[in-house]
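# What the coordinates show
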Amino acid sequence: MADRIDLQEAARRLGVHYQTAYRWVREGRIPAVRVRGRYELEISDVDAYARERDAPSPATVRGSRREWGRSADRLLAALCDGDERTATDVVSRLHAQGESTLDVLSRVVAPAMAGIGDRWAAGELTVAHEHRASEVVSRLLVGIDQRRPGRPRGTVVVTAPPGEQHGLPVDMAAAVLREDGWNVELLGRDMPADALHGFVASIAPDLVVLTVTTPAAAAAADAISHDLSDAGHDVLVGEPGRTLSDLVQGARAVRAEQRRLLARRRGPQ
Ligand code: B12
């Protein structure tokens, strides 16, 4: 325990509120283990995360920010007009150029959908326009969602809590996790809690991912996440402001921690 600290101490070291540290643990950003219902964190993990947060973000983009922005604008315009051909062209061209599904979705498709939301909120588009755009994006996703060959990283259940009707973020989460080598069990949006618990108990996945867009869904996801955690499952909850990149990193962190615990349990070979 000497090298381990509790959440309060971790929050103090990170210079953040306890709730923030708790959220980071729940999202898999910092590995933690539960001992008698309380989280314990390795000091080295907490310090590594503090350094990571302080470091300037690496330039992961191959294209320039302006190019991504231009593609997102073109896609948004095509979605507003219901021009599926151009929308498909924007996305499949990037895909053909070798851009990752993660980049295409987080830098082009998600911003375009946010633009649809803004215009809808401003009364410039109706719900019918928004539905049309969602349907087009749904079909686009089918074209770029690819399973990576080879041994999967693990099995992940991807879904959204009851009441959460936003299905696209769930599909996008599934697509980036597949690209990152996960075997994805995609259950879609608005998943009843009991059925989810039963499903998770029956297949024992390595991870459960819940996507959340609205405050009501956040409360439902929290309750589900608590219950699943108590039953020994690892859960990541996505909420507004969290990105697909956070998801991929969080899922990797969970898997790394599981492997570390397994190796420790097995002891020196
Ligand atoms: C399309 C849409 C709908 C469609 C959904 C259709 C579909 N098949 O998905 C429909 C019509 C159903 C809908 C309904 C509603 N919607 Co709506 N919708 C949208 C819209 C325009 C796009 C959503 C989308 O696909 N975004 C793209 C996704 C991929 O981006 P994202 O949401 O940021 O998701 C990121 C994270 O979730 C992350 N992620 C995903 N999974 C995970 C997991 C983990 C662990 C992590 C770390 C990250 C992560 O990755 C994503 C990309 O960065 C948004 C606008 C917007 N800004 O997004 C509004 C929006 C989300 N809707 C909104 C609202 C208000 C509603 C309604 C309440 C409207 C109403 N009065 O009925 C209902 C709610 C229904 C319900 N109970 O869920 C608001 C939400 C505001 C809020 N926070 O409360 C928004 C933001 C619009 C706005 N500007 O006001 N909507």
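Residues numbered from 1 in each chain as written. Predicted model: local features only at pLDDT ≥ 70, side-chain atom pairs only at ≥ 80, totals over all residues. Heavy atoms only, no water.

### Let's talk about the sheet that holds strand β3 (residues 38–42)
If you walk across this open sheet you meet the three strands as β1-β3-β2, and the pairing is antiparallel. With one partner strand each, in any of the chains shown, β1 (4–6) and β2 (33–35) form the two edges of the open sheet. Shown here is a sheet whose adjacent strand axes are inclined to one another by a mean of 45°, direction ignored. The pairing of β2 with β3 spans three bridges and is classified as antiparallel. Each bridged residue has a counterpart across the sheet, and for Val33 the counterpart in β3 is Glu40. (Pairing = 2+ DSSP bridges. Helix = DSSP H or I, 4+ residues; strand = E, 2+ residues; numbered from the N terminus. Axes fitted to C-alpha atoms, helices over the stretch in contact; angles between N-to-C directions.)

### Concerning the pairing of strand β5 (residues 183–188)
Looking at chain direction, strand β4 (residues 155–159) and β5 are connected through five bridges and run parallel. Within β5, the residue paired with Val156 across the bridge is Val184. The parallel pair β4 and β5, bridged by helix α8 (residues 168–179), forms a crossover whose chirality is right-handed. (Right-handed = clockwise from strand over helix to strand, strands pointing away.)

### What to know about the coordination of the cobalt atom of the ligand
In this structure the cobalt atom of the ligand is ligated by exactly one protein donor, His166 (NE2), at 2.2 Å. Mapped onto the elements of the fold, His166 is located in the loop between β4 and α8. (Donors = N, O, S within 2.8 Å, 3.2 Å for Na, K, Ca; no water.)

### So, the environment of Ala87
Mapped onto the elements of the fold, Ala87 is located in helix α5 (residues 84–96). Distance in space between the C-alpha atoms of Ala87 and Glu179 is 21 Å, their sequence separation being 92 residues. Leave out the neighbours within four places in its chain, and Ala87 touches Leu75, Ala78, Leu79, Val136 and Leu140. (Contact = heavy atoms within 4.5 Å.)

### Let's talk about the nonpolar core
Of all hydrophobic cores here, the largest spans 46 residues; its most connected members are Leu75, Leu79, Leu105, Val158 and Leu177. Sorting the residues of this core by element identifies α4 (65–81), α5, α6 (101–121), α7 (127–144), β4, α8, β6 (207–211) and α11 (244–266) as the ones contributing at least two each. Both domain 2 (65–144) and domain 3 (155–266) contribute no fewer than three residues apiece to this core. Apart from the residues lying within four places of it in its own chain, the contact partners of Leu79 are Ala87, Ala112, Met113, Ile116, Arg132, Ala133, Val136 and Val137. Core analysis: the second largest hydrophobic core is formed by 14 residues, Leu7, Ala11, Val25 and Tyr39 among them. (Core = buried A, V, L, I, M, F, W, Y, C linked by side-chain atoms within 4.5 Å. Buried < 20%, exposed > 50% of the residue type's maximum accessible area, 1.4 Å probe, protein only. Domains from an automatic or database assignment.)

### Here's the deal with the pattern of salt bridges
Scanning the entire structure with this criterion turns up 18 salt bridges. Among the ionic pairs, Glu9 bridges to Arg12, the shortest N-O distance being 2.7 Å. Placement of both Glu9 and Arg12 in helix α1 (residues 7–14) is noted, with a separation of three residues, approximately one turn of the helix. Given the relative accessible area of 24%, Glu9 is considered partly exposed. On the basis of relative accessible area, Arg12 is assigned to the exposed category, the value being 57%. The partner of Arg74 in a salt bridge is Asp89, and the shortest N-O contact between them spans 3.7 Å. Taken as a pair, Arg74 in helix α4 and Asp89 in helix α5 lie far apart in primary sequence, 15 residues in all. (Salt bridge = Lys/Arg side-chain N within 4 Å of Asp/Glu carboxyl O.)

### Re the site of the ligand
In the region of the ligand, 29 residues are neighbours, and Gly163, Gln165, His166, Gly167 and Thr211 sit closest. Side-chain polar atom of His166 to a nitrogen atom of the ligand: 2.8 Å apart, as the coordinates give it. Within the backbone of Leu168, an N or O atom sits 3.0 Å from an oxygen atom of the ligand. Broken down by secondary-structure element, the contributors of at least two residues to the shell around the ligand are α6, α7, α8, β6, β7 (235–238) and α11. By residue number, the principal contributor to the shell around the ligand is α6, which donates five residues. Classifying every residue of the shell around the ligand by side-chain character gives 14 nonpolar, 11 polar and four charged. Both domains that meet at the shell around the ligand, namely domain 2 (65–144) and domain 3 (155–266), each give it at least three residues. (Near = heavy atom within 4 Å. Polar contact = N/O pair within 3.5 Å; in protein donor to acceptor, adjacent residues only side chain to side chain. Nonpolar A, V, L, I, M, F, W, Y, C, P; charged D, E, K, R; others polar.)

### Description of the environment of Asp222
With respect to the helices, strands and loops of the structure, Asp222 is situated in helix α10 (residues 215–230). Owing to a relative accessible area of 36%, Asp222 belongs among the partly exposed residues under this scheme.

### A short note on the side chain of Thr211
Relative to the elements of secondary structure, Thr211 occurs in strand β6. Every residue in contact with Thr211, bar those within four places of it in the chain, is listed here: Thr159, Ala160, Pro161, Glu164, Pro169, Val170, Ala173 and Gly238.

### Looking at unusual backbone geometry
In this structure, Asp190 is a non-glycine residue whose phi angle is positive, near 50°. Structurally, Asp190 is set in the loop between β5 and α9 (193–203). The phi angle at Ala204 is positive, at roughly 45°, despite the residue not being glycine. Take Ala204: its relative accessible area is 52%, and that puts it in the exposed class.

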